[in-house]
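Report on the structure
Residues per chain are reported as follows:
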Amino acid sequence: MYSTTQDPRTRRVRPEIESSWSRSRLNGLRQDGEPALTHGTVAGGGILVRAALPVLDRGQAELDEARCALVLADREAHVIDVRCGDGMFRKALAAFGIVPGVRFGEEQVGTNAVGTPLETRQGLLVCGTDHFMTAFRGFACYGHPIIHPITRRTEGVVNIGAFSGEEHPLFAPLVRRIVRDIEDRLQMDSTRTQRRLLAAFQAAARSPRRPVMVVGQGIVLATPAALALLEPADHAAVQACVEGMRPGGEVNHRLTLVCGRTVRLKCAPVDGADGALIDIVADRPDRREAAGTALAADWPLLVVGEPGSGRTTEAQRAAGPDACVLDATDSVWQGEQTWAKGMAALLESTGDPVIIENVQLLSEQVTALAAKCVRTARRRTVLTSTPGEHLDAVHAPLAALCNARCDLLPLRRRRHEIPRLAQSMLADELGAGRARLTADSLRVLAAQSWPGNLAELRRVVQFVAGRRSAGDIVPADLPASHRGVPAPTSPLRQAEREVIVAAIEAAGGNRLQAARALGVSRSTLYNRMRALRIH
């Protein structure tokens, strides 16, 4: 083992450490900065806790009063348990914030033996100056990820740490053995879980006419009635609904099946198992939706959504196929004055409805003129816009005129619809029945983040259609950029991503202006955009 006191500028840095340091910088961290540790609720149950605690008990007994600690963290790098027999070392850990509930991901503290093994899914020794932040260079740690033997999903990490210079050569073998024991218990627990899921399914499936499913770790069960109702794309959509469940009570989803029928999915967690029982119930049409294009009955109509989310399609559905379309992006090459005169003349005349696209691009002066024209318009009018604070500021005069508003959810918030949409787009490209996305392909597509929404999904489908015009489309046929299943994103990172995207859109793509609105420097904004893969 190399010396941990060697000058980091002269010693050779291992590739895995160098790569982690790069990610730390992209996360906007500074080496001499104060650790920004966030605290959360300590997990009190779940498969990881059930499997790991007895193993940690044995590990703690073996270490006795050695000046080191065992740390268990979950897949989001939240510390669940800290085991330490030496009082002085335990106080040192607490002084640095290493306590149950704290989050030790790379985005919080940079390179460390909790967050970095979770990023790489490999064991890692982090000694002294290997730590990105100076505050933690007094420690030497080895961390190893816990991989579920059935689902192959990362469940957490076990870390052993000591003061720098006091680490033992057997730290790595000890932690690897502890992780193996935990993974063995996870496998045994999965067997019990599957038995519970099977029992729940048998109890619910006494009537073969009842469309019901059970989805859990490595198991999917369905009654004949459910199998007759669901196409492969529907199965993937149902599983996407279940994967978004959180521990707790029942949740309901509405789902439009490939056949066009709308159903409600009543998803209830199965006691003592990481899975759900799903009742498929025919949906009763909402009176407000029975009118078809009910939103179009109130004019003007404002359609709000992210780029690629289907704003134009929704506007044309409401206004009809003969609607006249004005796009605010044309004002760039026409000139604002010429564009505004054309808009005013069109709205003053009679005729088919008018769609004004991308009103978020209008200047304050043109917005005021547009509001006056829309207020006195002799045609029905639909406006489209990106979401953001601009609707309550510069473009508030237009938004306030609209008697109806349609907010389109981004694709990442309706993953259960992705399988049906993808299959439908494929049929549009190749014709019905010529090619079929397999269930595995649909699950991979449903797991993507889709920053480009429906437009991005259509581009992927067009790529697939150009590559395979008939037969089954498997994950290997998808473009490389959309072939892998991304690691689960934490709610915090997802929320941060959405805030940044909304700020950039509200600023009309001006990143300096977006940074000012967010209260950060432009370099910090660029760092966070790279870390969150915002293009």
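A brief report on the enclosed structure follows.

Definitions and limits used
- Residues numbered from 1 in each chain as written.
- Predicted model: local features only at pLDDT ≥ 70, side-chain atom pairs only at ≥ 80, totals over all residues.
- Heavy atoms only, no water.
- Helix = DSSP H or I, 4+ residues; strand = E, 2+ residues; numbered from the N terminus.
- Buried < 20%, exposed > 50% of the residue type's maximum accessible area, 1.4 Å probe, protein only.
- Polar contact = N/O pair within 3.5 Å; in protein donor to acceptor, adjacent residues only side chain to side chain.
- Contact = heavy atoms within 4.5 Å.
- Salt bridge = Lys/Arg side-chain N within 4 Å of Asp/Glu carboxyl O.
- Core = buried A, V, L, I, M, F, W, Y, C linked by side-chain atoms within 4.5 Å.

1. Digging into the side chain of Asp81
Among the structural elements, Asp81 can be located in strand β2 (residues 79-84). By relative accessible area, which is 16% here, Asp81 ends up buried. A polar atom in the side chain of Asp81 sits 2.6 Å from the side chain of Arg83. Once residues within four sequence positions are removed from consideration, Asp81 is found in contact with Leu53, Leu56, Leu70, Val71 and Leu72.

2. Structural notes on the pattern of salt bridges
Within the structure shown, the criterion is met by 19 salt bridges. With a closest N to O distance of 2.7 Å, Arg75 and Glu155 form a salt bridge. Separated by 80 residues along the polypeptide, Arg75 in the loop between β1 (68-74) and β2 and Glu155 in strand β5 (residues 154-163) bring together distant segments of the chain. A salt bridge links Asp279 to Arg210; its shortest N-O distance comes to 2.5 Å. Of the two residues, Asp279 is situated in strand β10 (residues 275-282) and Arg210 in the loop between α6 (171-204) and β6 (212-216); the sequence distance between them amounts to 69 residues.

3. Quick word on the nonpolar core
Within the largest apolar cluster, 26 residues are counted, with the highest numbers of intra-cluster contacts made by Phe89, Leu93, Phe104 and Val114. Looking at this core, the elements with two or more residues in it are α1 (15-26), β1, β2, α3 (87-95), β3 (124-127) and β4 (139-147). Ranked by the residues each element gives to this core, the list is headed by β1, at three residues. Leaving out residues up to four positions away in the same chain, Phe104 has contacts with Leu37, Ala77, Gly97, Ile98, Val109, Asn112, Val114, Gly115 and Phe136.

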